[in-house]
Amino acid sequence: MQFKTNPKTFSTLALRIIPVFEENTAEILTSKLGFSGIPSSIFSGKKDTSYTLELEGQVILLVGLGTNPEYKTIENSFRRILSKNSSLVEKLVSIDFDDNFSADQIEAALVGFQLGSYSIGFYKKEKPKDYSKLKVEIITVIDKSKSLTDRAEKIASAKIEAFKLVDLPPNKITPEYLGDWAKNLGKKSKLDVKVFDVKKAKSEGLEAFLAVGRGSAKDPKFIIIEYRHPKAKFHLGLVGKGVTFDTGGLNIKTQGMHHMKSDMGGGAAVLATTQLIAELEVHVNLTAIVPAVENTIDKESFLPSEIIGSHAGLSIEVIDTDAEGRLILADGLSYLIKNYKTDQVIDLATLTGSSIGTFGFECAALFCNDGNLSHGLQLAGEEVGEKSWPLPLWENYGKEMESEIADIKNFHGKPFAGAITAAKFVQAFTHNHPAWAHLDIAGVAFGDGEFSKTKTGTAYGVSLLLRYIENQL
Ligand code: BES
Ligand code: MN
Ligand code: ZN
């Protein structure tokens, strides 16, 4: 898409989009159309409504946003335009924002509008509609509107990247693909990127990570990206679970296995956020780690009851090979905390079905040992519609993970408190870092939605982390 703000001449051949707050419907219609006489039974600016009309040869799309709409409501209302009304859109679109729109609300609208161009028909003979040449004129009273459209373009492309990484199949999105993705980002954005192969991971002691990858024909890759800014206000560490496919290993999954291409959703969020932070040149230092690995079966697979090592030096009794995410997070976190002195650490992982049992698909389960970080993440998530809610890290849950033969076991073997005991396992590898947060995103990384018939990636984490970081500056 090609954005242009406040063009001198108004193109009448464009589809004209007018977003409308419910409380100002009459004023907005009067000021934009010259009349307010659309009966409220037809259009009253309510949330999730729209109305198309033709006026003097121009097609006008009124988009109702309701009262005080949240970021996500605006984003989705605009995503609907290309996603559902693409026949209205030709070569040119103009979006005419009323003076009451804040910069944040315009950002949400422009991000959502671009997300509407995303479609998962990658492997179809008939290619999805191409919007790269679509011209979009923005009318707004906000100054610096050019930087607003630039920013929205970067946010949308990071989110689309996160969608793709999750939605593309596991024979495409392999650990090697993610490693190459990171190297390409490094070249484009001049970031320091390291991708450890098996040999290097061995010499670095990433034994838990390597155990998970042992049964796969695809070599595991341990990805590290460093973004540095001279005016950085703090140093944030991110770790994302990058299981490119989770069969369960020898404890093989018997249900919903095809959904497990999404088991790198945390990794996708971390990679896409890193891209975004670099493109926006945010005043932060960021070290991002994605242990990328496929969990599958072969004669070399790790076995239930095996004792494996870990980067932190703890021995681990493997009770269940399907509890693999915590094993790679353990090494990712330990490596990050030992080698980089980050002020805060956040990990994102599609870790447990139990977190879905607790919260459904509404929010991530948040585990955190620091009040400011915890509140900051909850607040940022509410602001952008990527919510999380806390669960406890009480020591009695940690006791569940004690092993008789090793330092710790990867599953307590009981049908309760699965998300919490997983978090306690992960915490054991954080070297008592004082500001660590773990987001179990199993219920929110991949899901049903109005924009496709099957489950698709949500990019959960990208907007949340950007907002969280910017709120600290
Ligand atoms: N990747 C899964 C968790 C998951 C489940 C993500 C459903 C998204 C949707 C994880 O690796 C897993 O298999 N967890 C097990 C752990 C158990 C064996 C201790 C689970 O939650 O059942
Ligand atoms: Mn698993
Ligand atoms: Zn998994």
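As the structure is a prediction and not an experimental result, all values here were calculated from the model.

K.L.:
Any chance you could break down the site of ligand 1 for me, citing the residues and the numbers?
P.N.:
As a matter of local geometry, ligand 1 sits amid 17 residues, with K253, D263, D322, E324 and G353 nearest to it. Between ligand 1 and T350, the relevant distance is 3.3 Å, taken from a nitrogen atom to a main-chain nitrogen or oxygen of the residue. Within the contact set of ligand 1, an oxygen atom lies 2.7 Å away from a backbone nitrogen or oxygen of G353. Relative to its unbound accessible area of 520 Å², ligand 1 is 79% covered by the protein chains.

K.L.:
Quick rundown of the coordination of the manganese ion (ligand 2)? Include the residues and the values.
P.N.:
At 2.1 to 2.2 Å from the manganese ion (ligand 2) lie its protein donor atoms, namely D246 (OD), D322 (O), D322 (OD) and E324 (OE). Around the manganese ion (ligand 2) sit six donor atoms; with metal-centred angles ranging over 73 to 170°, the donor geometry is irregular. Ordering the donors of the manganese ion (ligand 2) by residue number gives the pattern D-x75-D-x1-E. Between the two metals, the manganese ion (ligand 2) and the zinc ion (ligand 3), the spacing is 3.1 Å, and D246 donates to both. With D246 in strand β10 (residues 242-246) and E324 in the loop between β13 (316-317) and α9 (325-339), the pair connects residues that are 78 residues apart, well separated along the chain.

K.L.:
Talk me through the side chain of T342; I want residue IDs and the actual numbers.
P.N.:
Residue placement: T342 occurs in the loop between α9 and β14 (344-349). Note on T342: relative accessible area 6%, which makes it buried. Engagement of the side chain of T342 in a polar contact is seen with the backbone oxygen of Q344, the distance being 3.1 Å. When sequence neighbours within four positions are dropped, the list of residues in contact with T342 reads H235, L236, G237, L336 and H433.

K.L.:
I'd love a proper account of the pairing of strand β18 (residues 436-440), names of residues and values included.
P.N.:
The buried count for β18 comes to five of five residues, which makes it a mostly enclosed element. Both faces of β18 are covered, namely the face carrying W436, H438 and D440 and the face carrying A437 and L439. Where β14 and β18 come together, five bridges link them in parallel fashion. Considered in β18, the bridge of L348 is made with L439. In terms of strand pairing, strand β15 (residues 364-368) meets β18 through four bridges, oriented antiparallel. Among the inter-strand pairings, C368 is bridged to a residue of β18, identified as A437.

K.L.:
Explain the coordination of the zinc ion (ligand 3) to me, using residue names and the numbers behind them.
P.N.:
Distances from the zinc ion (ligand 3) to its protein donors, K241 (NZ), D246 (OD), D263 (OD) and E324 (OE), fall within 2.0 to 2.4 Å. Note that the zinc ion (ligand 3) binds six donor atoms; their angles at the metal cover 78 to 175°, and the shape is octahedral. All donors to the zinc ion (ligand 3) come from one chain, and their sequence spacing reads K-x4-D-x16-D-x60-E.

K.L.:
I'd like a description of the pattern of salt bridges, backed by residues and values.
P.N.:
As a working rule, side chains carrying opposite charge can pair if their charged atoms are close by. Summed over all chains, the structure comprises 28 salt bridges. Across the pair E107 and R151 runs a salt bridge whose closest N-O atoms are separated by 2.8 Å. Residue E107 is located in helix α3 (residues 103-115), and its partner R151 is located in helix α4 (residues 145-167); the two are separated by 44 residues in the primary sequence.

K.L.:
Give me the domain arrangement of the protein chain: which residues, what numbers.
P.N.:
Looking at the protein chain, the domain boundaries give domain 1 (2-140) and domain 2 (158-471). Averaged C-alpha coordinates put domain 1 and domain 2 at centres separated by 36 Å. Contact residues are listed per partner, giving 17 residues for domain 1 and 17 residues for domain 2. Of the roughly 1,500 Å² buried at the junction of domain 1 and domain 2 (both faces included), carbon and sulfur atoms supply 60%. The salt bridge partner of E450 is K84, with a shortest N-O separation of 3.0 Å. Inspection of the domain 1/domain 2 interface yields five residue pairs in polar contact (both at pLDDT 80 or more). Breaking the side of domain 1 that touches domain 2 down by element, the ones donating at least two residues are α2 (71-84) and α3. With eight residues, the top contributor of residues to the side of domain 1 that touches domain 2 is α2. Here the residues of the side of domain 1 that touches domain 2 are counted per class, giving seven nonpolar, four polar and six charged.

K.L.:
Any details on the sheet that holds strand β17 (residues 408-409)? Residues and values, ideally.
P.N.:
Overall, mixed pairing links the three strands, which are arranged β12-β13-β17 in an open sheet. The sheet terminates laterally at β12 (307-308) and β17, the two strands that pair on one side only. As defined by bridge partners, β12 adjoins β13 across two bridges and the pair is classed as antiparallel. Bridging from a neighbouring strand, I308 pairs with I316 of β13.

K.L.:
Which residues make up a nonpolar patch on the surface, and what values go with them?
P.N.:
On the surface, a cluster of nonpolar side chains totalling about 320 Å² of accessible area is made up of L250, I252, I297 and L303. Among the structural elements, L250 can be located in the loop between β10 and α8 (265-280).

K.L.:
How would you explain unusual backbone geometry if you had to name every residue and give the values?
P.N.:
The phi dihedral of N68 falls on the positive side, at around 45°, and the residue is not glycine. Tracing the chain through its elements places N68 in the loop between β4 (58-64) and α2. Non-glycine residue S305 carries a positive phi angle of around 90°. As for its placement among the helices and strands, S305 is situated in the loop between β11 (285-295) and β12. Note on S305: relative accessible area 54%, which makes it exposed.

What counts and how
Residues numbered from 1 in each chain as written. Chains lettered and ligands numbered in written order. Predicted model: local features only at pLDDT ≥ 70, side-chain atom pairs only at ≥ 80, totals over all residues. Heavy atoms only, no water. Near = heavy atom within 4 Å. Polar contact = N/O pair within 3.5 Å; in protein donor to acceptor, adjacent residues only side chain to side chain. Areas by Shrake-Rupley, 256 points an atom, 1.4 Å probe, with all protein chains shown as cover. Donors = N, O, S within 2.8 Å, 3.2 Å for Na, K, Ca; no water. Tetrahedral: all angles 85-135°; square planar, octahedral: opposite > 155°, others 65-115°. Helix = DSSP H or I, 4+ residues; strand = E, 2+ residues; numbered from the N terminus. Buried < 20%, exposed > 50% of the residue type's maximum accessible area, 1.4 Å probe, protein only. Contact = heavy atoms within 4.5 Å. Pairing = 2+ DSSP bridges. Salt bridge = Lys/Arg side-chain N within 4 Å of Asp/Glu carboxyl O. Domains from an automatic or database assignment. Buried area = accessible area lost by both parts, 1.4 Å probe. Nonpolar A, V, L, I, M, F, W, Y, C, P; charged D, E, K, R; others polar. Patch = residues over 30% accessible without salt bridge, like charges linked within 9 Å, V, L, I, M, F, W, Y side chains within 5 Å.

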